[in-house]
Amino acid sequence: MTHETADGDGTEREAVVYDLDSACTPDELEHETPYLAEINGIVEYGIFVDLADDISGLVHESVLEGTYHVGDELAVELEDVRENGDLSFAPAAVDLDDASVEPVDHEVSLTGTNRLEANVGEQITFEGEVVQIKQTGGPTIFHVADEYGVVTAAAFEQAGVRAYPAASVGSIVRLTATVERHEGSIQLEVDGLSVLTDEAETEARDRLEAAHADRAEPADVEPLIEWPAFEPLFEELRGVAERLRRTVLEGRPIRVRHHADGDGMCAAVPVQLALERFIADVHEDADAPRHLIKRLPSKAPFYEMEDATRDLTYALEDRAKHGQQLPLLLMLDNGSTEEDVPAYETLAHYDIPILAIDHHHPDPTAVEDLLDAHVNPYLHDEDYRITTGMLCVELARMIYPDLTDEIRHLPAVAGLADRSKADAMSDYIDLAADADFDETHLQDVSEALDYAAHWLRYSPGDHLITDILGIDCAPDHHDELVSLFSGTGREAVDRQLEAATPHLEHESLENGAHLYRIDVEDYAHRFTYPAPGKTTGEIHDQKIEETGDPVITVGYGPDFAVLRSDGVRLDIPEMVAELKAEVPGAGVSGGGHLVVGSIKFVTGKREAVIDALVEKMADAEIDEALSSAAPLDD
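Residues numbered from 1 in each chain as written. Predicted model: local features only at pLDDT ≥ 70, side-chain atom pairs only at ≥ 80, totals over all residues. Heavy atoms only, no water.

**As for unusual backbone geometry**
In step 1: For the bond running from Y529 to P530, omega is 0°, close enough to zero to count as cis.
In step 2: One can find P530 in the loop between β19 (514–519) and α15 (532–547).
In step 3: With a phi close to 50°, D472 is a non-glycine residue in the positive phi region.
In step 4: Tracing the sequence through the fold places D472 in the loop between α13 (462–469) and α14 (475–500). (Helix = DSSP H or I, 4+ residues; strand = E, 2+ residues; numbered from the N terminus.)

Given below as structure tokens:
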């Protein structure tokens, strides 16, 4: 910045006085440059002047002439900066009436979250979007996201009083702060905070959006195996990965709901781990992964209203108590059917986005308008043999590719847990063998997962499940744990079959299939492992091995029936739709896979529903090439 009063030929030129932006700092002042100042105080030894919010100083009476009043404007030049930081000014040789006033923008040198570690103890200027505000009994804690990450910033007005109330979640703010360490994390101690508006806000938002769009881009990974059927799904998973990475960058919580079985856990756990590690990279707060990602098992293969209202209640409480944004919901191994609609509609009232990755037979017309993304092999003329675990291992790699070696065996576990007969299973088993998981051990892991899931009920059991899956676990401990859980689970299955098998009812259907029926309420142990669905599946597998013929197995209770079929061309979702019309007053609902599923009804109509169901099974076509290839959903 320079001040000239004459051109090169000696001609006088109009004087210029510079009007500093209110956000300018003393570092931006230059000597021998006239600045517009306003008098804010008059004392015996001079006058105090303001040039900007953070630039004030004294003009000593020894250099003053005339009379001055508070509020008067005058032109001053910087005279001295003392050791304590105080500024002294002198009147500039400029007549304001004959000068032009030029505004000076604040020259901001921003420090991003990527350089905080190198600036501990220093005062910096930081700019970003507020993504969370938490009022404590002491300071107000702002979580602010810039191009590189999210940092907490503590601002103190007085104990328990909200600092800088003009700032809200979504505001773009500029703050001056000192970089400090707090409980093992980097934190900013706020000295000043302003909410940006107009051009400054637009410019900052554009910069943040461009940076987030670039960083949200999924990792460029190749599928673990070559599988043409998987290719269209792989591309859709990239869109989900981008949405999840962006959600982390925006500081929004993520809640993962998954079916509580082997495939569901093989889907949810790698995604959880990938998101936790990405969150740790983005957030300076070491506790952020614990607060921003939660994995929640669901006993039903759909989103029950009980689960939805519980999730919504906790989300609203977190918003009220901790200033969190409402979460994004990720549905895994469930979420594709009409039964999910009431829960989805409830969340829609609170603008909670929902993504679903599933391999159950979908009701796309019922759920599509309620989902922000829906990945399902049925939508690409494939079926349940592509399991959700297979899909989500690839999703996790797109989110955090460094996780690959720890989870490459999980698609095989998921496939065995869901009895997938996909051609690709042999490739997945070979891939697991490269990681020292042979097929026998993979089967043991699958059975151990089922047993653990039954007793965990609504608890995620994070450390127990990762130990069973062999992720970040000492090999000896993993082997011992899997042996214990799978062995105990098999013993429980054997006891259940010993009690239930004598009570099987058998008949040969007109189409030549064997039909086995059992009342699992009266003739199987209740409230223990295995549950009715697993019990029916184990009986079914036993009868397939014994007969080698097409087999249908039905396990029923007072108000439900679970179905398994091999070698018979069933369409359980279609059968459910027909039963609704054919058995009025039965309250029929349900679904699942084409040849594996469950049906609910009112107790008084059980006999009518079961009889109608058997008639439909007797009319079904025999197909020796068709296999159930999936577990029964409890």
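**Comments concerning the pattern of salt bridges**
In step 1: What the rule picks out here adds up to 33 salt bridges.
In step 2: Between E507 and R517 there is a salt bridge whose closest N-O contact spans 3.0 Å. With E507 in strand β18 (residues 505–508) and R517 in strand β19, the pair connects residues that are 10 residues apart, well separated along the chain.
In step 3: Relative accessible area serves as the criterion here: at 30%, E507 is assigned to the partly exposed category.
In step 4: Residue R517 is classed as buried on the basis of its relative accessible area, which comes to 17%. (Salt bridge = Lys/Arg side-chain N within 4 Å of Asp/Glu carboxyl O. Buried < 20%, exposed > 50% of the residue type's maximum accessible area, 1.4 Å probe, protein only.)

**Structural notes on the confidence of the model for the protein**
In step 1: Averaged over every residue, the pLDDT of the protein is 92; the share at 70 or more is 96%.
In step 2: Contacts of residues 1–6 to residues separated by more than four positions or lying in other chains number 18 contacts, the stretch itself having pLDDT below 50.
In step 3: Contacts of residues 626–632 to residues separated by more than four positions or lying in other chains number 42 contacts, the stretch itself having pLDDT below 50. (pLDDT = per-residue confidence, 0-100. Contact = heavy atoms within 4.5 Å.)

**Focus on the nonpolar core**
Burial of nonpolar side chains together is a common tendency in soluble globular proteins.
In step 1: Counting residues in hydrophobic clusters, the biggest one holds 96 residues, and the most contacted among them are W227 and L244.
In step 2: Looking at this core, the element that brings in the most residues is helix α3 (residues 262–282), giving 12 residues.
In step 3: Apart from residues lying up to four places away in sequence, W227 is in contact with R385, I386, M390, A422, A424 and Y428.
In step 4: If you look at the next biggest cluster of nonpolar residues, it comprises 31 residues, including Y384, M575, L579 and V614. (Core = buried A, V, L, I, M, F, W, Y, C linked by side-chain atoms within 4.5 Å.)

**Digging into the sheet that holds strand β10 (residues 150–155)**
As a general point, the strands of a sheet are linked pairwise by backbone hydrogen bonds and lie either parallel or antiparallel.
In step 1: Pairing is mixed in the closed barrel, where 5 strands are placed in the order β8-β9-β10-β12-β11. In this sheet, neighbouring strand axes are inclined to one another by 55° on average, regardless of whether the strands run parallel or antiparallel.
In step 2: The sheet contact formed by strand β8 (residues 123–135) and strand β9 (residues 140–145) spans 6 bridges and is antiparallel. From the neighbouring strand, E129 faces β9, where its bridge partner is A145.
In step 3: Of the strands in this sheet, β8, β9 and β11 (172–182) are in contact with helix α1 (residues 198–216), which crosses β8 at around 80°. (Pairing = 2+ DSSP bridges. Axes fitted to C-alpha atoms, helices over the stretch in contact; angles between N-to-C directions.)

**Side note on the packing of helix α10 (residues 410–417) against helix α12 (residues 439–456)**
In step 1: Their axes nearest at 9 Å, the elements α10 and α12 cross at an angle of 65°. What the angle tells us is that α10 and α12 run roughly perpendicular. Where α10 crosses over α12, the two elements pack in a sense that is right-handed. Across the interface between the two elements, A412, V413, L416 and A417 from α10 touch E439, L442, Q443, V445, S446 and L449 from α12.
In step 2: In terms of residue class, the contact of α10 with α12 is made up of 7 nonpolar, 2 polar and 1 charged. (Parallel < 35°, antiparallel > 145°, perpendicular 65-115°, else oblique. Left-handed = near helix turned anticlockwise from the far one by under 90°. Nonpolar A, V, L, I, M, F, W, Y, C, P; charged D, E, K, R; others polar.)

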